[in-house]
Amino acid sequence: MQFEVADLVVDSEPWWTRTVQTVRDAALLGPVLVVTPSHALAQRLGETLPFATVRQSDETAGQAASRMAGSPGAAVLIAAGAWAGLDTPSRWRSIVIPRIPYEAPVVLDGKTESRFLDTRNTAVRRMRQVIGRGLRTPDAQCTIHILDGRFVHIAAFVPRRFATAWQGRKTFAEGRALEVTLTRYERDPSVRKKALAHHGKACMACGFKPKVDSQLDVHHLQPVSEGERLTSLDDVAVLCANCHRLAHSETPPLPLLSLRALVL
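Residues numbered from 1 in each chain as written. Predicted model: local features only at pLDDT ≥ 70, side-chain atom pairs only at ≥ 80, totals over all residues. Heavy atoms only, no water.

**Q** Explain the confidence of the model for the protein chain to me, using residue names and the numbers behind them.
**A** Per-residue pLDDT for the protein chain averages 79, and the proportion of residues at 70 or more is 77%. Of all helices and strands in the protein chain, the one with the weakest mean pLDDT is strand β6 (residues 107–108) (49), whereas strand β5 (residues 94–97) scores best (94). The low-confidence segment residues 175–186, where pLDDT is below 50, has 11 contacts with residues more than four positions distant or belonging to other chains. (pLDDT = per-residue confidence, 0-100. Helix = DSSP H or I, 4+ residues; strand = E, 2+ residues; numbered from the N terminus. Contact = heavy atoms within 4.5 Å.)

**Q** Account for the pattern of salt bridges, with residues named and values stated.
**A** In the structure shown here, the tally under the stated rule is 5 salt bridges. Taking the shortest distance from any N to any O, the salt bridge between D11 and R99 comes out at 3.5 Å. Of this pair, D11 sits in the loop between β1 (2–5) and α1 (13–27) while R99 sits in the loop between β5 and β6, placing them 88 residues apart in sequence. Judged by relative accessible area, which is 35%, D11 ranks as partly exposed. A salt bridge links E59 to R67; its shortest N-O distance comes to 2.6 Å. (Salt bridge = Lys/Arg side-chain N within 4 Å of Asp/Glu carboxyl O. Buried < 20%, exposed > 50% of the residue type's maximum accessible area, 1.4 Å probe, protein only.)

**Q** Now, about helix α8 (residues 256–263): what can you tell me, with residues and values included?
**A** Those residues of α8 that fall on the buried side of the exposure criterion are L256, S258, L259 and L262. Looking straight down α8, one finds that the buried residues subtend no more than 160 degrees of arc, so they occupy a single side. (Arc of directions from axis to C-beta.)

**Q** Help me get a handle on the packing of aromatic side chains, residues and values and all.
**A** Taken as a whole and assessed by the stated rule, the structure comprises 1 aromatic pair. Geometrically, the ring pair formed by W15 and W16 is tilted, given 6.2 Å between the ring centres and 50 degrees between the ring planes. Since its relative accessible area comes to 13%, W16 is described here as buried. The residue whose ring lies beneath R44 is W16, and the NZ or CZ to ring-centre distance is 3.7 Å. (Phe/Tyr/Trp six-rings, centres within 6.5 Å; stacked < 30°, edge-to-face > 60°. Lys NZ or Arg CZ within 6 Å of the ring centre and 35° of its normal.)

**Q** Give me the nonpolar core: which residues, what numbers.
**A** Core analysis: the largest hydrophobic core is formed by 32 residues, its most contacted members being I95, I144 and I146. Among the elements of the structure, β1, β2 (32–36), α3 (61–69), β4 (76–80), β5, α4 (116–132) and β8 (143–146) are those that each provide at least two residues to this core. If you look at the next biggest cluster of nonpolar residues, it comprises 20 residues, including V23, L45, V54 and L147. (Core = buried A, V, L, I, M, F, W, Y, C linked by side-chain atoms within 4.5 Å.)

**Q** Describe in detail the side chain of T22, supporting the description with residues and values.
**A** Relative to the helices and strands, T22 resides in helix α1. Owing to a relative accessible area of 4%, T22 belongs among the buried residues under this scheme. Dropping the residues within four chain positions of it, T22 is found in contact with V96, H145 and L147.

**Q** Requested: an account of α3, with residues and values cited.
**A** Inspection of α3 places A61, G62, A64, A65 and M68 among the buried residues, and these make up the whole buried set. The buried residues of α3 all sit within an arc of 160 degrees when viewed along its axis, so they share a single face. For α3, the elements touching its buried residues are β3 (53–54) and β4.

Shown next as structure tokens:
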């Protein structure tokens, strides 16, 4: 088993471009299973990769894999929730994980009840199941592609017998020549300085106090991608890098109160 990982921010343009290209490249080597945590992401990928078979919400991953086997296109299955249920009949040469399958926060009466530890444990269990999809025979050869930078929080998902492969052979897919069109959203550099002075130099979610300011991010509670506007200090929060990524694990970003409930 081999691992290829990329430290990418989910829902960013580089993440989307890398995900699509990884599936295209992997399809040249053999059957590919793309595991997504939602049908919405599976459908979006399917629209961009028309040669792939997409699991529908009213069928199992095994049924979708059977449809894939009978199609004339590339052997690519994009399946939401493919870590669970019965095994698929295919021997997967590659498994692509665009997004770590964290469990969605549980909200009761407007209050988030789940903790980050709970969602992380769910992600660990699901990732172990995903890897198992590529190990159905003793001679199986499978490459696991992880394209979500949050993998650093759940390293325990790798089975012990593959610890050497994970620690010593994991690679970062870099150097590929791509023509990418990006949209850049302008930020006022003075906002960061003023936010740190106003809110303090500690993460407003988990309370982490770094030794250097560069370990803190200024998070826009309403994404700047929504359009030009005037920003006040009440519109931003100071977060550590880990909490900043967790905030953007959902679209729209998690509110500050929900984020605190997950990490505290």
